[in-house]
Amino acid sequence: MSTSLEELTRERIDARNFPTTPVSVEEVRGAGHALDDLWLPTVVARESTIAHNLTRFASWCRERDVDHAPHGKTSMAPQLWQRQLEHGAWGLTAATVAQARTMYAFGVERIIIANEVVDPSQAQWLARVALEPERTCLVLVDSEAGARVLEQAAQEAGTRIPVLVEIGVPGRRTGARTVAEALELARLVHASTGLELTGVEGYEGVLPQGRDEGAVEAVTVWLTQLGELARSADAEGLFDGEEIIVTAGGSAFPDLASDALHAVGDLSRPVRRIIRSGCVITHDHQSYERSSPLRSGATSDPLVPALTAYARVHSAPEPGRALATIGKRDVAVDVDLPVLLRVRRPGGPWEQLDGLTVLELNDHHLFIDDPQSSLQVGDVVELGLSHPCTTFDKWDLIPLVDDEDHVIDALVTLF
């Protein structure tokens, strides 16, 4: 695997959506392709929209006085990681040690692994990173057993691994279930010779997402536990290091997380407040457009969907039904089905057609309800997507297009 962006752009990739393959990013940049040259189906990213979202969210973080460690698992695209860091990101977040290792290989200096690590060999990797003064890799703990795995690796390496105690949502993912349990774990970490208690962490995104009153209240109430835990641990002198990290915040509720992080108040040492919103770089047409504080219905300067998919209608086998050559292998369906945005006849302009609905997706077929039988074989449809995390991972090379649909670059993903 490449360890620099320069090397990454020279690697030739077997890309199913380009007219010639294998192809490198360098070759894509010089080929002069347009959208019409791509093999369909394809997902594309729009450069102007990504640039807008990067600037907009960086500005939002400054206004909120929070640091940003975006979840790199969203794209697993080092080119986008670099742009996020250039826009002021404090570091990156990973879900797994394997992801963190990839970020490390590309020179990312600060990484939060927002998960527990109980694999001894992975803990040993963390211990080796902890020996490097110019690198920081934080990891979560939610149990004594997990802490002991990390502690053993650290002791064997002669170092201390920095950890965040996680508090979680009952019935959902990881994390201590109560403040009392988390505080007891914080005491254990503090007493350890191989661990450093750097801060506390939580993730509110496992709660129902939406902007209805009930969803907002549930998230707001749950997040108060982060402040309670941080203040209690600080009162007992349990934190190590020069600052205390408090971190939460996915892409649906970063505003509520920001409020909660500031509600922690002043502690015995400086507090670093970090949100980890990852999908803000691309936003989407449905999931985060419903829930983000920067959705189009909530602000005059919203985040804008940057990913769309294109497919060709290849069958209209009966009145009212059309099928396009795109499926679950190509776009995310775990939260919402895609939505139809526009249609283009061969040689014609893009147009919007009313009354078209996506019914379902098979592995390689998209079923369209077409009451007026307006779609014809050969038409190209543009689709709006939901949940970018599970769209990026389906493509090794994603074309980056300008506003005239010229392919100006390509994004390499490393899932």
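Here the structure is shown first, and the text comes after it.
Conventions adopted
- By convention here, each chain's residues receive numbers from 1 onward along its written sequence.
- At least 70 in pLDDT is required for a residue's local features to be given in this predicted model, at least 80 for side-chain atom pairs to be given and counted, and no such filter applies to totals for whole chains, interfaces and linings, which use all residues.
- Side-chain calculation: all heavy atoms of the structure are included, whereas hydrogens and water are not.
- Summary of the burial criterion: residues with accessible area below 20% of their type's maximum are buried, those above 50% are exposed, and those between are partly exposed, where the area comes from a 1.4 Å probe applied to protein chains only.
- Helix and strand definitions follow DSSP, with helices as H or I runs of at least four residues and strands as E runs of at least two, each counted in order from the N terminus.
- Between any two strands, pairing holds if DSSP finds at least two bridges.
- We call two residues in contact whenever any of their non-hydrogen atoms come within 4.5 Å of each other.
- Here, a salt bridge means any side-chain nitrogen of Lys or Arg that lies within 4 Å of a carboxyl oxygen of Asp or Glu.

1. Re the pairing of strand β8 (residues 244-248)
Stage number 1. By the criterion of burial, β8 is predominantly enclosed, with 5 of the 5 residues buried.
Stage number 2. Here β8 shows a buried face lined by I244, V246 and A248 and a second buried face lined by I245 and T247.
Stage number 3. Sheet topology places strand β7 (residues 195-201) next to β8; 3 bridges connect them, and they run parallel. Considered in β8, the bridge of V200 is made with V246.
Stage number 4. Here β8 pairs with strand β9 (residues 271-275) via 5 bridges, running parallel. Residue pairing in the sheet places V246 in a bridge with R273 of β9.

2. What to know about the environment of A332
Stage number 1. Topologically, A332 is positioned in the loop between β11 (321-324) and β12 (339-344).
Stage number 2. In contact with A332, other than residues within four places in its own chain, are P338, S386, H387, T390, T391 and K394.

3. Overview of the pattern of salt bridges
A pair can form between side chains of opposite charge whenever their charged atoms are brought close.
Stage number 1. Evaluation of the coordinates by the stated rule reveals 24 salt bridges.
Stage number 2. With a closest N to O distance of 2.9 Å, R211 and D255 form a salt bridge. Within this pair, whereas R211 is found in the loop between β7 and α9 (213-235), its partner D255 is found in helix α10 (residues 254-263), the two being separated by 44 residues in sequence.
Stage number 3. Taken together, the shared-partner salt bridges connect D67, E243 and R272 into one network.

4. A short note on the environment of D405
Stage number 1. Inspection of the secondary structure assignment puts D405 in the loop between β17 (397-401) and β18 (407-412).
Stage number 2. Between the C-alpha atoms of D405 and D36, which are 369 residues apart in sequence, the distance is 8.4 Å.
Stage number 3. With near-sequence residues (within four places) excluded, D405 lies in contact with A34, L35, R46 and W350.

5. A few points about the environment of A235
Stage number 1. Locating A235 in the fold gives a position in helix α9.
Stage number 2. Overall, the relative accessible area of 69% leaves A235 in the exposed class.
Stage number 3. Once the C-alpha coordinates of A235 and L267 are considered, the two residues, 32 residues apart in sequence, prove to be 8.4 Å apart.

Coordinates in, geometry out; function isn't part of it.
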